[in-house]
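These are the residues of each chain, in order.
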Amino acid sequence: MRLLLWWGGRALSSAVTLLGISVLIFAALRLMPGGFAETILGPFATPEQKAALAARYGLDQSVLAQYGHWLAAVGTGDLGTSMISRQPVAAELAARLPVTARLTLLAVAAAVLAGVPLGVVTAVRARPGGGGGAGRLLSGLGVSVPEFALGSLVVFVVSRYGLQTTGYLLPAAVLSIFAISATARTTRDAVLGVLVEQHITAAVARGETPWFIVRHHVLRNAAGPVLTLTATVTAYLLGGALIVEYLFNLPGIGSYVVQAVGRRDYAVVQAGVLLAAAVFIVMNVLVDLLVGLVDPRLGRRA
Amino acid sequence: MNPLLEVDGLVVDYGRARALDGADLRVAAGQTVGVVGESGSGKSTLGAAIGRLLPRQARVEAGEVRVAGERVLALRPAELRRLRRSRLGFVFQDPIASLDPTMRVGRQLRLVLGRTGRDDVAAQLARVGLDADRVASAYPHQLSGGMAQRVAIALAMAASPELLVADEPTASLDAQVREKVLDVVFALAAGAGTSIVWLSHDLPAVARRCDRVAVMYGGRVVESGPAAAVLGAPAHPYTAALAASAPAAAPPGVRLRPVPGRPPVLTGPSPGCAFEPRCPFAEERCAVERPAPVRVGEQDALCHRAADLTGELEVVA
């Protein structure tokens, strides 16, 4: 019964969040200077031409009415039709999902496989006062250098020497710099937090070796924040690594939505943003379940 | 024969604060020793130093700790782990926090037993008075404090150590549970021939259960000897004051006498006797000259006046 209530609450709050996001994106798109008609027909179109085009897509109705129609359609699973390609948005997004998914998988795999061990090792090796200077500086850089700067640099260097910029490796590498750094930092902080707990002292007092203690008593206790971060990074990338996909000309969801913003292809942008938000919400629910499984103290509350 | 535990002139600083100011302690094989003193007297630091479990910011400035003749503070990491595994056991104040919160009790016990090649989780739990069917599959937060402390005791005693250091193991437990948990500790230790160093606030309980008592003040053991002698006929004025302030020492209706003044906060070696500012018997030299151990009756006391005060120190008003 309580479990049912919990799920009901989660579903309700997710629906409200999605609704709020849809209002925001709908309003933001309509407030942008230059509507669909102006963008498509160019600066020399006559008012009659613009009006005709707007009428064809229902853009002459009030914003509220447009939102109502769109919401009703989304409710039945119809994400609308791209005003540029005249194809259903759902099909267009589905066609681009594998590209984004592959990119996400590569970057997240790198983050977990490299970031977690780095974080654990630097935490266990940490000495009082040492602060992990070099590692903190490197991971700090990795977290804060913007993707567009690093991505542009990589594209410039690679194309300068006439190398291929196609494929997934380079964009995944650019994305994983951030993901690895963030994962390593979060892991290190989580492990340092566990290492000062009393039960670790108790294990040390029993004469256990450092790696035995890490394997049996640290990893699971430190997993919560790392799982949360991994889920956030995954959701962020699945929603479309906008800039990197665009820079490396990868036909994923991110570059598709960025193009759609430029062309004021409302239905595509709305669907893209809604999808990204939905992925975030689903990942959050998943990670809550997972953290509950990993830490029994949290799992029993539902 | 050498004693099992020898602590000689141990000095430990936390940053600028001095926690131990030349502490000495001896424990023979099979002996039970109660270490008593106010909060901040250095009990916990002394207990942690026995297993080299001092917090990272602690620095050992001088002194020596030997367990079965091995110099604990000088051992290499692998030797230190072997010493902890084979000779030492520790029980801490907060029982639930000293168990891994993400692991079932049975599995934690099995990990420890695995080292000794055994797998008798149920028998180990039965030894501390717990029912394996109920407890083995529970997580620590599902246990009461008393049950969790029994589990912690089972973990510490699994390898039958030669010395068990118990740092106020019952301070966070209900009064009714305390005695039962202490019964378990002392019965298991007696069965295994394990010595106990029990850090405690509870003078009457120490008097009832321990062979010997060590009284700490200002980072030193100011008096030690057989429990009945130390608590019945103190040789050090501080022991007398501490015993008089214990609620159980006074007959009903008699006002307790708190130790006047405050415990010292040391930032370096105490120039004289650390108790001098609070001591009703202090002389001039007590402030400037560190007392050396004096033998009074069956006790060793760090007091310039211990010999003159024989028979003058009374516990009860």
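Residues numbered from 1 in each chain as written. Chains lettered and ligands numbered in written order. Predicted model: local features only at pLDDT ≥ 70, side-chain atom pairs only at ≥ 80, totals over all residues.

1. Observations regarding the overall build of chain A
Broken down by element type, chain A carries 14 helices and zero strands. The order of helices and strands in chain A, counted from the N terminus, is α-α-α-α-α-α-α-α-α-α-α-α-α-α. Counting only C-alpha atoms and orienting by the principal axes, one finds that chain A spans roughly 85 × 65 × 30 Å. By residue count, 37% of the 302 residues in chain A fall in the buried class. Residue pairs in contact within chain A that sit at least 24 positions apart in sequence constitute 75% of those at least 6 positions apart. (Helix = DSSP H or I, 4+ residues; strand = E, 2+ residues; numbered from the N terminus. Buried ≥ 20, exposed ≤ 12 C-beta atoms within 10 Å, placed from the backbone. Contact = placed C-beta atoms within 7 Å.)

2. Remarks on the overall build of chain B
The helix and strand tally for chain B stands at 11 helices and 12 strands. Its C-alpha atoms give chain B a radius of gyration of 20 Å, near enough to 20 Å, the size a compact globule of 317 residues would have. The principal-axis extent of the C-alpha atoms belonging to chain B is close to 65 × 50 × 35 Å. Per-residue burial for chain B yields a buried fraction of 49% across its 317 residues. Restricting the contact set of chain B to residue pairs at least 6 apart, pairs at least 24 apart contribute 64%. (Rg over C-alpha atoms; globule rule 2.2 N^0.38 Å.)

3. Description of the interface of chain B and chain A
Contact with chain B, which involves 22 residues of that partner, is made by 19 residues of chain A. Examining the composition of the side of chain B that touches chain A, we find that four residues originate from one element, helix α2 (residues 77-87) of chain B, more than from any other. Partitioning the side of chain B that touches chain A into residue classes produces 10 nonpolar, five polar and seven charged. (Nonpolar A, V, L, I, M, F, W, Y, C, P; charged D, E, K, R; others polar.)

4. Digging into α2 of chain B
The α-helix advances 3.6 residues per turn, and as a result positions three or four apart in sequence lie on the same side. Of the residues making up α2 of chain B, those classed as buried are Leu 83, Arg 84 and Arg 87 of chain B. Along the long axis of α2 of chain B, the arc covered by the buried residues comes to 110°, so they all point the same way. Among the exposed residues of α2 of chain B, those pointing more than 90 degrees away from its buried face are Pro 77 and Ala 78 of chain B. Elements in contact with the buried residues of α2 of chain B: α9 (198-205) of chain A together with β4 (58-67), β5 (70-71), β6 (88-91) and β7 (163-167) of chain B. (Arc of directions from axis to C-beta.)

5. Focus on the domain arrangement of chain A
Residues and elements named next belong to chain A. Each domain of chain A was delimited in the assignment, giving domain 1 (2-75) and domain 2 (95-299). Computed from C-alpha atoms alone, the centre-to-centre distance between domain 1 and domain 2 is 32 Å. The partner domain 2 presents 11 residues to the 14 residues of domain 1 that form the contact. Secondary-structure elements contributing two or more residues to the side of domain 1 that touches domain 2 are α1 (2-31) and α2 (36-41). At nine residues, the largest contribution of residues to the side of domain 1 that touches domain 2 is made by α1. Looking at the side of domain 1 that touches domain 2 residue by residue, the class counts come to seven nonpolar, six polar and one charged. (Domains from an automatic or database assignment.)

6. Re the sheet that holds β5 of chain B
Residues and elements named next belong to chain B. The strand order across the open sheet built from four strands is β2-β1-β4-β5, with neighbouring strands paired in antiparallel fashion. In this open sheet, the two strands that pair with only one neighbour each are β2 (17-27) and β5. Pairing of β4 with β5 involves two bridges; the strand directions are antiparallel. Bridging from a neighbouring strand, Val 67 pairs with Glu 70 of β5. (Pairing = 2+ DSSP bridges.)

7. Digging into helix α7 (residues 175-192) of chain B
Residue and element names in this part refer to chain B. Taking 1.5 Å of rise per residue, 18 residues should cover 26 Å, and α7 covers 27 Å from first to last C-alpha, within 8% of that figure. Those residues of α7 that fall on the buried side of the exposure criterion are Val 181, Leu 182, Val 184, Val 185, Leu 188 and Ala 189. The arc that holds every buried residue of α7, seen down its axis, measures 155°, which confines them to one face. Opposite the packed face of α7, turned more than 90 degrees from it, sit the exposed residues Ala 175, Gln 176, Asp 183, Ala 190 and Gly 191. Looking at the buried residues of α7, the elements they touch are α4 (121-127), α6 (145-157), β7, β8 (195-200) and α8 (203-209). Downstream of α7 by one or two residues, Gly 193 has phi in the positive range, about 70°. (Expected span 1.5 Å × (residues − 1).)

8. Remarks on the environment of Leu 153 of chain A
Locating Leu 153 of chain A in the fold gives a position in helix α7 (residues 147-160). Along the primary structure Leu 153 of chain A and Gln 87 of chain A are separated by 66 residues, whereas in three dimensions their C-alpha atoms are 35 Å apart.

9. Brief notes about the nonpolar core
Grouped together as the largest cluster of nonpolar side chains are 169 residues, with contacts concentrated most on Leu 175 of chain A together with Val 151, Ile 153, Val 197 and Val 215 of chain B. Two domains each provide a minimum of three residues to this core, namely domain 1 (2-75) and domain 2 (95-299) of chain A. Non-local contacts of Val 151 of chain B, meaning those with residues more than four positions away in its chain, are made with Leu 99, Val 105, Leu 130, Val 135 and Leu 143 of chain B. (Core = buried A, V, L, I, M, F, W, Y, C linked by C-beta atoms within 7 Å.)

10. Here's the deal with the packing of α7 of chain A against helix α8 (residues 169-195) of chain A
Residues and elements named next belong to chain A. Running from amino to carboxyl end, α7 crosses α8 at an angle of 145°, the nearest separation of the two axes being 10 Å. Crossing hand, α7 versus α8: right-handed. When α7 is examined against α8, the residues Glu 147, Leu 150, Gly 151, Val 154 and Val 158 are found in contact with a partner set consisting of Leu 170, Val 174, Leu 175, Ile 177 and Phe 178. Split by residue class, the contact of α7 with α8 holds eight nonpolar, one polar and one charged. (Axes fitted to C-alpha atoms, helices over the stretch in contact; angles between N-to-C directions. Left-handed = near helix turned anticlockwise from the far one by under 90°.)

11. A word on the confidence of the model for chain B
For chain B, mean pLDDT is 91; residues scoring 70 or higher make up 97% of the total. Listed scores for the predicted complex are pTM 0.84 and ipTM 0.90. (pLDDT = per-residue confidence, 0-100.)

12. A few points about the UniProt feature "transmembrane region" (unreviewed entry) in chain A
Under the present numbering, the feature "transmembrane region" (unreviewed entry) in UniProt falls on residues 12-32, 103-125, 137-159, 165-184, 226-248 and 268-294 of chain A. Between the end C-alpha atoms of residues 137-159 of chain A the distance is 29 Å, and the span holds 91% helix and 0% strand. (UniProt positions renumbered as here; feature names shortened; annotations may be inferred.)

13. Digging into the packing of helix α5 (residues 89-125) of chain A against helix α13 (residues 266-294) of chain A
All names here are of chain A. Put simply, α5 and α13 touch, their axes get as near as 10 Å, and they point 55° apart. The angle between the axes of α5 and α13 places the two elements in the oblique class. For the element pair α5 and α13, the recorded crossing hand is right-handed. Of α13, the residues touching α5 (which contributes Val 89, Glu 92 and Leu 93) are Ala 267, Val 268, Ala 271, Gly 272 and Leu 275. Its residues placed into classes, the contact of α5 with α13 shows six nonpolar, one polar and one charged. (Parallel < 35°, antiparallel > 145°, perpendicular 65-115°, else oblique.)

14. Some points on the environment of Ala 235 of chain B
Residue and element names in this part refer to chain B. For Ala 235, the location among the structural elements is in the loop between α9 (227-232) and α10 (237-245). Classification of Ala 235 by C-beta neighbours within 10 Å gives buried; the count is 29. A sequence separation of 54 residues divides Ala 235 from Val 181, and the C-alpha atoms of the two residues are 31 Å apart. Beyond its immediate chain neighbours, meaning those up to four positions away, Ala 235 contacts Glu 223, Val 296, Gly 297, Gln 299, Ala 301, Cys 303 and Ala 306.

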